[in-house]
Amino acid sequence: MKLIKGEPIAEAVYEDCRREIAELQSAGVTPGLAVVLVGEDPASKAYVGAKDRKCQELGLHSVKIEKPESLSQAELIALIDELNADESIHGILVQMPLPDHLNEDEVIMRISPAKDVDGLHPVNVGKLAMEDPTGFAPCTPAGCQRMLIESELETEGKHVVIVGRSLLVGKTLALLMMAKGKGANSTVTVAHSRTKDLEEVTREADILVAAIGRPCFIGANHVKDGAVVIDVGINRVDDATKKRGYRLVGDVDFDAVADKCEAITPVPGGVGKMTIAMLMANTIRACRLAKGV
Ligand code: NDP
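Structural notes, computed from the coordinates. (Residues numbered from 1 in each chain as written. Predicted model: local features only at pLDDT ≥ 70, side-chain atom pairs only at ≥ 80, totals over all residues. Heavy atoms only, no water.)

What follows is about the sheet that holds strand β6 (residues 187-191). Overall, parallel pairing links the six strands, which are arranged β1-β11-β8-β7-β5-β6 in an open sheet. Of all the strands in the sheet, just β1 (2-3) and β6 have a single pairing partner and so form its edges. Two elements, β1 and strand β11 (residues 263-264), share two bridges in a ladder whose sense is parallel. Residue pairing for β11: K2 is matched across the bridge by A263. (Pairing = 2+ DSSP bridges. Helix = DSSP H or I, 4+ residues; strand = E, 2+ residues; numbered from the N terminus.)

Below, the discussion takes up the site of the ligand. Residues in close proximity to the ligand total 22 residues, the closest being R165, S166, S193, R214 and T275. The contact in question runs from a nitrogen atom of the ligand to an N or O atom on the backbone of V232, over 3.5 Å. At a separation of 2.7 Å, an oxygen atom of the ligand approaches a polar side-chain atom of T275. Taken by itself the ligand offers 930 Å² of open surface, and the protein chains cover 72% of this. Its residues assigned to classes, the shell around the ligand shows nine nonpolar, 10 polar and three charged. (Near = heavy atom within 4 Å. Polar contact = N/O pair within 3.5 Å; in protein donor to acceptor, adjacent residues only side chain to side chain. Areas by Shrake-Rupley, 256 points an atom, 1.4 Å probe, with all protein chains shown as cover. Nonpolar A, V, L, I, M, F, W, Y, C, P; charged D, E, K, R; others polar.)

Structure, rendered in structure tokens:
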């Protein structure tokens, strides 16, 4: 069994980013990312902090905007309009989930598609479906695909079964994997909570992706011998032995499944490492497209 660790693959993406940033800077351009956080959610704060630190480490222009929970929809929309018009900003990410009184769909729709490095604007989802290379794929599915490519795991003609149909992960990963090209050309099945006989469906997978949000849900009976398993799940489970009182586990029961697999991603230390890396890569590409360099 091969363990597909996220860190070295993310590091290879960062290496490409550093090279591209140096190239752009010598042409007088610095890619810029604005990350907007509304409210005090600790997990969101941690994600935003990590994104900001990575930008600074790579030499990207980074703007971290923290707004109170009381921010109104109109104020948030006005902020997005400002960032859309700001020429030093090439990528905009609004950290989700937003507080309940804010309308996430309206916020996503307001971000200029050219700066939507999260890849959730309908224009970018449409471009993904149309295989238009000027679009942006959401970072987590793009990270899964990159892991398969860098691990030299064949995807062409393989049966990829994805459990989960969210736009953020499952549905967009399905579009990526069924597209023509490297790390794709797969036959894709998407399963979800209404799928009948899930174990039978997932046992058909050459490559099984779990994006469910249920700790250790995928067990040995879901996986055929020799499958590749990509675990997108990040779930907190109580653990009194840990200082913070919990530990992170995936959607896959790693210990039950690992021995059956040709390759598998761990949690933590797997797909989670890729998401920020792909955000940085998307921001640099947004900058190149905007500047025509
Ligand atoms: P969502 O809750 O939006 O989607 C979960 C999907 O799983 C839904 O399509 C749902 O089906 C399906 N599902 C739920 N229960 C079952 C079941 N019993 N059997 C089959 N399918 C089921 O979650 P996300 O897609 O946003 O995230 C999924 C996981 O990935 C989470 O653990 C999240 O934390 C993690 N994640 C990790 C990221 C990373 O950077 N590594 C980034 C984003 C997410 P239905 O549609 O029918 O309800």
